[in-house]
Amino acid sequence: MQNQLINVALVGCGRISEKHLTSILSLQNHLHLKAICDNDNEKLIKTKKLISELPQSSINQTNEIQIFNEYEVLLNKISLKELDIDLIVLCTPSGLHADQCIKAGDLGINVITEKPLATSLKDGYEIFNCFKKSKANLFIVLQNRLNPTVRLVKKQIDN
């Protein structure tokens, strides 16, 4: 079976987005960054510049990236099949994750979101129910689970 590229949109161009960009671009045989989105134009310009400067970046890929400063406009382009996106990576402020996850899930788009997934139990259940009905997958970044301190605490709890 031939490898198919996964088309990615990065939403939120704050501090953590650089780690996601580096990872996405280092996996160019598997992932294709097609869009970036942030409501702050300065962050978008900075991110586009960062992408072009990363060693893994190809100039062609950088020039093909569509830029959005509204999440709704990005989703509308996807919904209208004007933009082919398989995966949305959410690097937005915590309070936005639930709504953004649900909107992507309703369109059948896979989502990777930074933690926390939700800021209320109600939102958590809504996200769960959305993705339970959807054909899409939801992934939550939980990188701290491997930190030495967290592992020690887990070991102590287990004992």
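The following paragraphs examine the structure supplied in this document. Quick caveat: nothing in here was measured; it's all calculated off a predicted structure.

1. Focus on the overall build of the protein chain
Line of reasoning, step 1. The number of helices and strands found in the protein chain is 7 helices and 6 strands.
Line of reasoning, step 2. Order of helices (α) and strands (β) in the protein chain, N terminus to C terminus: β-α-β-α-α-β-α-β-α-β-α-β-α.
Line of reasoning, step 3. Relative to a compact globule of 159 residues, whose C-alpha radius of gyration would be 15 Å, the protein chain shows 17 Å and is just as compact.
Line of reasoning, step 4. The principal-axis extents of the C-alpha atoms in the protein chain amount to approximately 55 × 40 × 35 Å.
Line of reasoning, step 5. By the burial criterion, 38% of the 159 residues in the protein chain qualify as buried.
Line of reasoning, step 6. Partitioning the contacts of the protein chain with sequence separation of at least 6, the portion at a separation of at least 24 is 67%.
Line of reasoning, step 7. Per element, the accessible surface of the protein chain, about 10100 Å² overall, is 53% carbon and sulfur.

2. A word on the pattern of salt bridges
Line of reasoning, step 1. Here the structure, examined in full by the defined rule, presents 6 salt bridges.
Line of reasoning, step 2. Two residues, E126 and K122, come together in a salt bridge whose shortest N-O distance is 2.7 Å. In this pair, E126 and K122 are both assigned in helix 6 (residues 121-133), 4 residues apart and thus about one turn of the helix distant.
Line of reasoning, step 3. On the accessibility criterion, E126 (35% relative accessible area) is partly exposed.
Line of reasoning, step 4. Using a relative accessible area of 56% as the deciding quantity, one classes K122 as exposed.
Line of reasoning, step 5. A salt bridge links D158 to K154; its shortest N-O distance comes to 2.8 Å.

3. Considering unusual backbone geometry
Line of reasoning, step 1. Note that the residue after K115, namely P116, is joined by a cis bond; omega there is -10 degrees.
Line of reasoning, step 2. As for its placement among the helices and strands, P116 is situated in the loop between strand 5 (110-113) and helix 6.
Line of reasoning, step 3. Phi at K81 is positive, roughly 65 degrees, even though this residue is not glycine.
Line of reasoning, step 4. Turning to its location among the elements, K81 is positioned in the loop between helix 4 (71-79) and strand 4 (87-90).

4. Overview of helix 4
Line of reasoning, step 1. Those residues of helix 4 lying buried are Y71, L74, L75 and I78. Projected down its long axis, helix 4 carries its buried residues within an arc of 95 degrees, all on one side.
Line of reasoning, step 2. Elements that come into contact with the buried residues of helix 4 comprise strand 1 (6-11), strand 2 (31-37), strand 3 (66-68), strand 4 and helix 5 (97-106).
Line of reasoning, step 3. Downstream of helix 4 by one or two residues, K81 has phi in the positive range, about 65 degrees.

5. Thoughts on the environment of L87
Line of reasoning, step 1. Secondary-structure assignment places L87 in strand 4.
Line of reasoning, step 2. Judged by its relative accessible area of 9%, L87 is buried.
Line of reasoning, step 3. Sequence separation between L87 and K43 is 44 residues, and the spatial gap between their C-alpha atoms is 21 Å.
Line of reasoning, step 4. Filtering out sequence-adjacent residues up to four positions away, L87 remains in contact with I6, N7, V8, A9, I109, N110, V111 and I112.

The rules behind the values
Residues numbered from 1 in each chain as written. Predicted model: local features only at pLDDT ≥ 70, side-chain atom pairs only at ≥ 80, totals over all residues. Heavy atoms only, no water. Helix = DSSP H or I, 4+ residues; strand = E, 2+ residues; numbered from the N terminus. Rg over C-alpha atoms; globule rule 2.2 N^0.38 Å. Buried < 20%, exposed > 50% of the residue type's maximum accessible area, 1.4 Å probe, protein only. Contact = heavy atoms within 4.5 Å. Areas by Shrake-Rupley, 256 points an atom, 1.4 Å probe, with all protein chains shown as cover. Salt bridge = Lys/Arg side-chain N within 4 Å of Asp/Glu carboxyl O. Arc of directions from axis to C-beta.

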